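Now for the letters of each chain:
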Amino acid sequence: ERMGSVEEGLRKPLLNEDDTKSKSTACYTLFCNGFGTLPFYYGYAYGALTLLVLYVAASALSPSSEVVKAPPSTGYGAGVVRGGYRWPTAPMIEPISKTSFPFESKGLSTEAGMLLGVGIRLKKVVGVNFKVYAVGFYVNPAGARSALRAHQGESLESLRKNERFYSKLTNPSNFRKTLELRFLRSVGKEKLVDTFNEGLAVRMRKALGTQGVAIVKDFVQHFGDMKSGETLIFHIEKGALSIKVPNKSSVKFSSPELASSMLDLYFGLKPTVGEDLKKNLIERVPALWRK
């Protein structure tokens, strides 16, 4: 049979009527059930709209499945001089959740701590990152300058690769540290217990055996249901770890191993929270020596 010319081919429809009916069956099955005898292309439009709605819903919960790093500080603000050093006074805004943390916070101390960095805890479910909480890391600046003096003048890029530096952040006795977790969604106590128990129990078993596991079991019972917008505080000072949940008094655990294990979740060699959060929490370390 003679093959038609290119022009003839272009003038022909892509599908004849019979082909159209047969090839649209899958579309009707997936997207058009209940649409009666509407033309098959309505199904494609409905399917595309369904996928768009799902995409927008996922994006609302999490802007991307890609890792988003906190941008470098564009400014420290006017600053305030304390103890001969100029504290940055500009708040830090966690870029994914847009959560703002003030430049200072007392946490569970009588003295204000200086904000060193902020980050976000994401939980991946079926390939989508859900926002759980934003966290701000506060320290006693005088104590931090003393403990970290070997790193004065070291660039932020270098600090983020320096495990000797991070080992000083997991030390529960060298200077006061506070982690303030601002929840971005409601999380029940049971879920929090499971999450922290998993990371802490492994570390405490390695440090103290079954006694360590028992300490963790007692500690996590002091968690509570967290609502969106509420703050959970972990305060580490002089080898002790204190926890403060909303509407309850703080509870102190005088266990250096437990305090170190908590810090290891965030700053250890294999941080449970992820490498990017670990790096973002030290963004203002170079500002400790700013005058």
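Bear in mind the structure is a predicted one, so any value in this text is a computation, not a measurement.

**As for the sheet that holds strand β8 (residues 177-183)**
With antiparallel pairing, the seven strands of this open sheet are ordered in space as β5-β6-β7-β8-β9-β10-β11. Pairing within the sheet leaves two strands with one partner each, and these edge strands are β5 (104-105) and β11 (251-253). In this sheet, strand β9 (residues 231-237) lies alongside β8 in antiparallel orientation, the contact comprising six bridges. Along β9, the bridge assignment pairs Thr-178 with His-235.

**Describing the packing of helix α8 (residues 189-208) against helix α10 (residues 256-267)**
Packing of α8 against α10 brings their axes to within 9 Å, and their N-to-C directions diverge by 130°. Judged on the interaxial angle alone, α10 and α8 are oblique. Crossing of α8 over α10 shows right-handed handedness. Residues Phe-196, Gly-199, Leu-200, Arg-203, Met-204, Ala-207 and Leu-208 of α8 pack against Glu-257, Leu-258, Ser-261, Met-262, Asp-264, Leu-265 and Tyr-266 of α10. Of the residues contributing to the contact of α8 with α10, the split by class is nine nonpolar, two polar and three charged.

**Some thoughts on helix α9 (residues 210-220)**
Restricting attention to buried positions, one finds in α9 the residues Gly-212, Ile-215, Val-216, Phe-219 and Val-220. End-on view of α9: buried residues confined to an arc of 125°, all on one side of the axis. More than 90 degrees from the buried face of α9, the exposed residues found are Thr-210, Gln-211 and Lys-217. As for α9, its buried residues are in contact with α8, β9, β10 (240-244), β11 and α10.

**Details of α10**
An ideal rise of 1.5 Å per residue puts 16 Å on 12 residues; α10 measures up with 16 Å between its terminal C-alpha atoms. For α10, the complete set of buried residues consists of Leu-258, Ala-259, Ser-261, Met-262, Leu-263, Leu-265, Tyr-266 and Phe-267.

**Regarding the nonpolar core**
As a rule of thumb, soluble globular proteins bury nonpolar side chains together. Core analysis: the largest hydrophobic core is formed by 54 residues, its most contacted members being Leu-181, Phe-196, Phe-219, Phe-223, Phe-234 and Tyr-266. Apart from residues no more than four positions distant in its own chain, Leu-181 is found in contact with Tyr-133, Ala-134, Val-135, Phe-196, Glu-230, Thr-231, Leu-232, Phe-234 and Tyr-266. Residues Met-92, Phe-101, Val-118 and Tyr-138 belong to the second largest nonpolar core, which totals six residues.

**What about the packing of aromatic side chains?**
Applying the stated criterion across every chain yields a total of nine aromatic pairs. Summarising the aromatic geometry, the rings of Tyr-133 and Phe-183 are spaced 5.5 Å apart at their centres and angled 50° between planes, so their arrangement reads as tilted. Of the two residues, Tyr-133 sits in strand β7 (residues 128-139) while Phe-183 sits in strand β8, which places them 50 residues apart along the sequence. Given the relative accessible area of 4%, Tyr-133 is considered buried.

Rules and cut-offs
Residues numbered from 1 in each chain as written. Predicted model: local features only at pLDDT ≥ 70, side-chain atom pairs only at ≥ 80, totals over all residues. Heavy atoms only, no water. Pairing = 2+ DSSP bridges. Helix = DSSP H or I, 4+ residues; strand = E, 2+ residues; numbered from the N terminus. Axes fitted to C-alpha atoms, helices over the stretch in contact; angles between N-to-C directions. Parallel < 35°, antiparallel > 145°, perpendicular 65-115°, else oblique. Left-handed = near helix turned anticlockwise from the far one by under 90°. Contact = heavy atoms within 4.5 Å. Nonpolar A, V, L, I, M, F, W, Y, C, P; charged D, E, K, R; others polar. Buried < 20%, exposed > 50% of the residue type's maximum accessible area, 1.4 Å probe, protein only. Arc of directions from axis to C-beta. Expected span 1.5 Å × (residues − 1). Core = buried A, V, L, I, M, F, W, Y, C linked by side-chain atoms within 4.5 Å. Phe/Tyr/Trp six-rings, centres within 6.5 Å; stacked < 30°, edge-to-face > 60°.

On their own, these measurements won't tell you what the molecule is for.
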